[in-house]
Amino acid sequence: AITTAGDTHYGIALDDPPEGYVLDRPERAKNFTARLLAGERVRIEAGAGWLHETSLPANPGGPLCIKERIFRPEEDPDALVYIPRKVVIGAGCERGAAPEEVVELVYRSLESLNIDPRAVGLIASIDLKSDEPALHHLAEMFDAPARFFAPHVLETESPRLANPSEVVFRETGCHGVAEGAVLAALGPEGALALEKRK
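Summary of the structure given here. (Residues numbered from 1 in each chain as written. Predicted model: local features only at pLDDT ≥ 70, side-chain atom pairs only at ≥ 80, totals over all residues. Heavy atoms only, no water.)

## Looking at the layout of surface pockets
For clarity, the threshold we go by: Only protein atoms enter the calculation, which uses a 1 Å grid: trapped sets of points that fit a 1.4 Å probe without letting it out are cavities, open sets showing protein on both sides within 12 Å along at least five of seven lines are pockets, and any residue with an atom within 4 Å of a point is a lining residue. Grid points are joined across faces, edges and corners, and a volume is the space filled by probe spheres set on the points. Under the scheme used here, helices are H or I runs from DSSP no shorter than 4 residues and strands are E runs no shorter than 2 residues, and both carry numbers assigned from the N terminus. Residue polarity is assigned by list, with Asp, Glu, Lys and Arg as charged and Ala, Val, Leu, Ile, Met, Phe, Trp, Tyr, Cys and Pro as nonpolar; anything else, Gly included, falls into the polar class.
In this structure, the largest pocket encloses a volume near 1300 Å³. In this structure, the largest pocket is lined by 45 residues; those nearest its centre are Ala91, Gly92, Ala178, Lys196 and Arg197. With 8 residues, the top contributor of residues to the lining of the largest pocket is helix H3 (residues 99–112). When the residues that make up the lining of the largest pocket are grouped by side-chain class, the tally is 26 nonpolar, 6 polar and 13 charged.

What follows is the structure, encoded as structure tokens:
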């Protein structure tokens with residue numbers, strides 16, 4: 001009933017974010033909506049632009065807060081945190097690599113940046129690895145699609161690579177697989193959050 005009232009009053013169900021977002025601690029949405037309906041105001045932090053199209057009672061000094069973060073949410077009982085699934089994981093591996101090792105490396109890498117694993121929205125690699133079980137396992141673990149790029153596409157990203165490799169170029173036709181795949185997927189405005197790890 002509260003969700004329906006929230007839909008009616010504000011044009012949005014806070015417990016049902018749009019595609020590409022995950023709500024952290026969705027069990028908080030019911031109480032949060034009840035507080036809004038009782039008259040409390042909400043701060044909508046930068047980055048949650050999709051919420052500005054609603055009729056939420058926004059107020060910069062409000063006690064409630066709506067945030068958008070790719071980082072692990074801090075404990076805040078007065079906040080709803082939405083995690084955008086916009087992190088791209090670039091991956092390459094030896095043929096027959098153990099899927100568990102690849103997944104473990106990705107989780108350690110995300111943890112080193114304090115990035116919430118639920119923010120992963122894409123796994124990217126070179127098309128030579130499109131049949132590699134470890135990469136498909138990685139995509140499955142993150143419930144994210146896998147996208148594979150041709151070597152010539154990855155090679156166009158070589159000026160932006162942090163770790164270009166002549167060895168990789170001789171083997172694949174591009175100077176970097178993992179970094180190049182991330183940059184190709186993100187486009188010219190994208191950047192590496194973390195350099196290649198082995």
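## Let's talk about the sheet that holds strand S5 (residues 87–90)
Our working rule: Pairing between strands requires that DSSP locate at least two bridges from one strand to the other. Between N-to-C directions, angles cover 0 to 180 degrees, with each direction set by a line fitted to C-alpha atoms, over the stretch in contact for helices. Two residues qualify as a contact provided that any one of their heavy atoms is within 4.5 Å of a heavy atom in the partner residue.
Read across the open sheet, the 3 strands follow the order S5-S6-S7; overall the sheet is parallel. The sheet terminates laterally at S5 and strand S7 (146–149), the two strands that pair on one side only. Going from strand to strand, the sheet's axes swing by 30° on average, the running direction of each strand aside. The pairing of strand S6 (residues 120–126) with S7 spans 4 bridges and is classified as parallel. The partner of Ile123 across the bridge, within S7, is Ala146. Running at roughly 150° to S5, helix H7 (residues 178–186) makes contact with S5, S6 and S7 of the sheet.

## With respect to helix H4 (residues 133–141)
What counts here: With a 1.4 Å probe rolled over the protein chains alone, any residue whose accessible area is under 20% of its type maximum counts as buried; one over 50% counts as exposed, and the rest are partly exposed. This arc is built from the directions going out from the helix axis to the C-beta atoms.
Buried within H4 are the following residues: Ala134, Leu135, Leu138 and Ala139. Each buried residue of H4 sits inside an arc of 140° when the element is viewed along its axis, so together they form one side. Facing away from the buried side of H4 by over 90 degrees, the exposed positions are Pro133 and Glu140. Contacts made by the buried residues of H4 are with S5, H3, S6 and S7. Looking at the residues trailing H4, positive phi occurs at Asp143, about 50°.

## Observations regarding the sheet that holds strand S1 (residues 21–24)
If you trace the 4 strands from one edge of the open sheet to the other, you get S1-S4-S3-S2, paired in mixed fashion. Two strands close off the open sheet at either side, each with one partner strand: S1 and strand S2 (42–44). Strand after strand, the sheet turns through a mean of 20° between neighbouring axes, direction not considered. With 4 bridges connecting them, strand S3 (residues 64–68) and strand S4 (residues 79–84) associate as parallel partners. Across the sheet, Ile66 pairs through a bridge with Leu80, a residue of S4. Where helix H2 (residues 29–37) meets the sheet, its contacts fall on S1, S2, S3 and S4, and the angle it forms with S3 comes to roughly 130°.

## Points about the nonpolar core
Rules: In plain words, nonpolar cores are sets of buried Ala, Val, Leu, Ile, Met, Phe, Trp, Tyr and Cys residues tied together by side-chain atoms within 4.5 Å.
In this structure, Val87, Ile89, Leu110, Val120, Ile123, Leu138 and Phe142 are the most contacted members of the largest nonpolar core, which totals 20 residues. Elements represented by at least two residues in this core include exactly S5, H3, S6 and H4. Dropping the residues within four chain positions of it, Phe142 is found in contact with Arg85, Val106, Tyr107, Leu110, Pro117, Val120 and Ile123.

## Considerations on the packing of H3 against H4
Applicable threshold: When describing relative orientation, an angle under 35 degrees is termed roughly parallel and one over 145 degrees roughly antiparallel, while 65 to 115 degrees is termed roughly perpendicular and anything else oblique. A crossing counts as left-handed when the near helix is turned anticlockwise from the far one by less than a right angle, and as right-handed when that turn is clockwise.
Here H3 crosses H4 at 50°, and the two axes come no closer than 8 Å. As the angle between them shows, H3 and H4 are arranged oblique. Crossing handedness for the pair H3 and H4: right-handed. Contacts between H3 and H4 involve Pro99, Val102, Val103, Val106 and Tyr107 from the first element and Ala134, His137, Leu138 and Met141 from the second. The class makeup of the residues in the contact of H3 with H4 is 8 nonpolar, 1 polar and no charged.

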